[in-house]
Amino acid sequence: LLQSEQHSWLAGLRTLLLNVSRADARDVLITFSPTAGPSRLNTTEKGKAGKIHLPREIFRSLSNQTVRMVVTVLNIQQLGMFKEVNQTAQVLDNTVVGITVGESSISGLQDPVQLMFAHRELPQGVTPQCVFWDPSKGTPCSGQLWAGHRGCTSTHSPSPVPVAGQAGGWRSTGCVTQPGDKGTVCSCDHLTFFTLLLNPALDDSTARALMAVATAGCGVAMAFSIFTMAFCIFIRCRFRFEETVRINLGLHVNLVGSLFLLNLAFLLNSGLSGRSHPRTCGVLGGLTHYCLLCCFTWTALEGCQLYLLFVKVLGIYIHRYLAKLSLVGWGFPVLVVGVAGAIGSYGEYIIQTMDHQVIAHLCWITSKHLLVHYITNCGYFGLIFLFNMAVFGVVTQKSCSLQGTGAVQGHRKPWKVALVAAGLFCLLGATWALAFLTYGISSAAVLYLFTILNSLQGIFIFIWLVVLYYPKTKETTGSLSYIIRHDKTTTASQD
């Protein structure tokens, strides 16, 4: 199969030349590393270096009986090549692998060429992406990936490698990325220059700005949480409300209390985590996790209460109802955190950039136990969010149906309708759902939005409660208590 083999060694450039016979074509296996360059790989050989698998389809489709194949490994930092304008992603090990077979362009492979880029576990917030160099990117030919377009040449042709200052950029068209623990496999349907880009969710300046915004927001949120709890306790004791409204106010106090504790735990975490003893850090991580789960649980209980009020409109009397809700809201997270702590899930969690520069130390769930995070935080909140959004839809439908039948009229202003809807949205934890959109290379804007909205959640709830619950000389017909009372009357008359 391989009639001859030749190596070329220059600073930052390693080349392997192979003459491949078409008559006895088989799959070709090659290993490569940033320092040793490319070399032939036996099928039984194992190692931590990168690997290239070239399918036999490439050679059997050629017209010549013998063809020259060139595999090149380049250090782009030494050579000053493959520099894209405004590039934020980092090239893994500054290594680019070029593959050419013969003199013609090879593309549209049914059996793709596979490159395995070996690497250790990537930092959190970094997304690997298989790409190839497109010399036409940023020119009038940009996007024309195949030969035959007027004035354009094939981006997959074995043309000379680009030098600094030339146009071009990275593209992922035709390549599939398969991340793994020990490396990332790139499956591409053409031959050209390939690499693995490490796309950061955050750069250093963005991460530090987010930490500053979050810290300031936590301080503001704690202040308004105190105002909200004081307001709810004041009107609950000062004015005479029906039992349903008093239970609602009790629920709001507990939810806002959990938000207060969560913000306090975050401030303690960010201030002490880098200098605390490992055991202290574990306790602080468990406390932060507990406060977060309490916040989620009370959000779920708010949704359950709204469900009982608007779907089971006649209600079900439960003795010491608020006390039993408190047992669930504050007790259930204790069980979860206890189990997670028993298996050693809490400790120091480091947020770092692609260059392994430390941005922040946090006491949280360690990287070795991320499954705990995915189950107890992402999974738990995901179920709560789906349920609460269904309840929100029922509440909105009830309100619209009352307005359509003429039951709501007179004093209900559009801004108040919007405020009630926005308040319910925050009350049911919808702003936390933005966390599911903070993954990937375009997440910086979503992270800013997530941080700001959740920092202002206490302010939103305070304004909503003041407008909704503070007694007026004449009861507003758009209030929750009016809608609930009207639903009860309507249901009773229908029965």
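Residues numbered from 1 in each chain as written. Predicted model: local features only at pLDDT ≥ 70, side-chain atom pairs only at ≥ 80, totals over all residues. Heavy atoms only, no water.

So, unusual backbone geometry
What you tend to see is this: most non-glycine residues have negative phi, and most peptide bonds are trans.
Working step 1: A positive phi angle, near 55 degrees, is found at Phe 82, a position not held by glycine.
Working step 2: By the element assignment, Phe 82 lies in the loop between helix H2 (76-79) and strand S7 (90-91).
Working step 3: In this structure, Asp 93 is a non-glycine residue whose phi angle is positive, near 55 degrees.
Working step 4: Residue placement: Asp 93 occurs in the loop between S7 and strand S8 (95-101). (Helix = DSSP H or I, 4+ residues; strand = E, 2+ residues; numbered from the N terminus.)

Re the packing of helix H4 (residues 243-272) against helix H10 (residues 457-469)
Working step 1: It is the contact of H4 with H10, at a shortest axis distance of 11 Å, that shows an interaxial angle of 165 degrees. With respect to their mutual orientation, H4 and H10 come out roughly antiparallel. Relative to H10, H4 is oriented so that their crossing is left-handed. Taking contact as the criterion, the partners of Val 245, Asn 248, Leu 249, His 252, Val 256 and Leu 259 in H4 are, on H10, Gln 457, Ile 461, Trp 464, Leu 465 and Tyr 469.
Working step 2: Residues that form the contact of H4 with H10 fall into these classes: eight nonpolar, three polar and no charged. (Axes fitted to C-alpha atoms, helices over the stretch in contact; angles between N-to-C directions. Parallel < 35°, antiparallel > 145°, perpendicular 65-115°, else oblique. Left-handed = near helix turned anticlockwise from the far one by under 90°. Contact = heavy atoms within 4.5 Å. Nonpolar A, V, L, I, M, F, W, Y, C, P; charged D, E, K, R; others polar.)

Digging into a nonpolar patch on the surface
Working step 1: There is a patch of nonpolar side chains on the surface, built from Leu 261, Leu 264, Leu 268 and Leu 272 and spanning about 290 Å² of accessible area.
Working step 2: Looking at the element boundaries, Leu 261 is found in helix H4.
Working step 3: Residue class for Leu 261 comes out partly exposed when judged on its relative accessible area of 32%. (Patch = residues over 30% accessible without salt bridge, like charges linked within 9 Å, V, L, I, M, F, W, Y side chains within 5 Å. Areas by Shrake-Rupley, 256 points an atom, 1.4 Å probe, with all protein chains shown as cover. Salt bridge = Lys/Arg side-chain N within 4 Å of Asp/Glu carboxyl O. Buried < 20%, exposed > 50% of the residue type's maximum accessible area, 1.4 Å probe, protein only.)

Notes on the packing of aromatic side chains
Working step 1: Summed over all chains, the structure comprises 16 aromatic pairs.
Working step 2: Taking 6.4 Å as the distance between ring centres and 50 degrees as the angle between the ring planes, the aromatic pair formed by Tyr 307 and Phe 387 counts as tilted. A residue pair is termed long-range when its members are at least 10 positions apart, and Tyr 307 in helix H5 (residues 278-310) and Phe 387 in helix H7 (residues 370-405) qualify at 80 residues.
Working step 3: A residue is classified by how much of its surface remains accessible, and Tyr 307, at 33% relative accessible area, is partly exposed. (Phe/Tyr/Trp six-rings, centres within 6.5 Å; stacked < 30°, edge-to-face > 60°.)

Overview of helix H6 (residues 321-342)
Working step 1: With 22 residues, H6 should reach 32 Å at 1.5 Å per residue; the first-to-last C-alpha distance of 32 Å fits that figure.
Working step 2: At Gly 331, H6 shows its strongest bend, of approximately 25 degrees, with the proline Pro 333 following within four residues.
Working step 3: Restricting attention to buried positions, one finds in H6 the residues Tyr 321, Leu 325, Gly 329, Pro 333, Val 336, Val 337 and Ala 340.
Working step 4: Phi turns positive one or two residues past the end of H6, at Gly 344, with a value near 75 degrees. (Expected span 1.5 Å × (residues − 1). Bend = angle between axes of the 7 residues up to and from the residue.)

Details of the environment of Leu 309
Working step 1: Topologically, Leu 309 is positioned in helix H5.
Working step 2: Take Leu 309: its relative accessible area is 8%, and that puts it in the buried class.
Working step 3: Along the primary structure Leu 309 and Val 395 are separated by 86 residues, whereas in three dimensions their C-alpha atoms are 9.4 Å apart.

Side note on the state of the cysteines
Working step 1: This model, assessed by the stated rule, comprises three disulfides.
Working step 2: The disulfide partner of Cys 175 is Cys 188, and the gap between their sulfur atoms is 2.1 Å. The S-S bond linking Cys 175 to Cys 188 shows a torsion near 115 degrees; that makes this disulfide right-handed. Note that Cys 175 is positioned in strand S12 (residues 175-179) and Cys 188 in strand S13 (residues 183-188), a separation of 13 residues in sequence.
Working step 3: The class for Cys 175 is buried, based on a relative accessible area of 13%.
Working step 4: Its sulfur unpaired, Cys 291 is 6.3 Å from the next cysteine sulfur, which belongs to Cys 294.
Working step 5: By relative accessible area, which is 5% here, Cys 291 ends up buried. (Disulfide = S-S within 2.5 Å.)

Considerations on the packing of H4 against H6
Working step 1: Relative to each other, H4 and H6 sit at 20 degrees, their axes nearing to 10 Å. As judged from the angle between their axes, H4 and H6 are roughly parallel. Note that H4 runs across H6; the crossing there is right-handed. Seen from H4, the contacting residues are Ile 247, Gly 250, Leu 251, Asn 254, Gly 257, Ser 258 and Leu 261; seen from H6, they are Tyr 321, Leu 322, Leu 325, Ser 326 and Trp 330.
Working step 2: Of the residues that constitute the contact of H4 with H6, the class distribution is seven nonpolar, five polar and no charged.

Notes on the UniProt feature "transmembrane region" (unreviewed entry) in the chain
Working step 1: Here, UniProt's "transmembrane region" (unreviewed entry) annotation points to residues 209-235, 247-267, 287-310, 322-346, 374-396, 417-439 and 445-470.
Working step 2: Segment residues 247-267 splits into 100% helix and 0% strand. End C-alpha atoms: 31 Å apart.
Working step 3: Counting secondary structure, residues 374-396 comes out at 100% helix and 0% strand; the distance between its end C-alpha atoms is 31 Å. (UniProt positions renumbered as here; feature names shortened; annotations may be inferred.)

Things to note about the sheet that holds strand S3 (residues 28-33)
Working step 1: The six strands are arranged S4-S3-S5-S9-S13-S12 in an open sheet whose pairing can be described as antiparallel. Pairing within the sheet leaves two strands with one partner each, and these edge strands are strand S4 (37-40) and S12. In this sheet, adjacent strand axes meet at a mean angle of 20 degrees when their direction is disregarded. (Pairing = 2+ DSSP bridges.)

Points about the environment of Leu 16
Working step 1: By the element assignment, Leu 16 lies in strand S2 (residues 13-21).
Working step 2: Spatially, the C-alpha atoms of Leu 16 and Phe 32 are 9.9 Å apart, while their sequence positions differ by 16 residues.

Observations concerning the confidence of the model for the chain
Close reading of the predicted structure is inappropriate where its pLDDT is low.
Working step 1: For the chain, per-residue confidence averages 78 on the pLDDT scale, and 75% of positions sit at 70 or higher.
Working step 2: At the low end of the mean pLDDT range in the chain sits helix H11 (residues 480-494), at 48; at the high end sits H6, at 95.
Working step 3: For the stretch residues 142-160, pLDDT sits under 50, and the model shows 43 contacts to residues farther than four places along the chain or on other chains.
Working step 4: The low-confidence segment residues 473-479 (pLDDT under 50) makes 15 contacts with residues lying over four places distant or belonging to another chain. (pLDDT = per-residue confidence, 0-100.)

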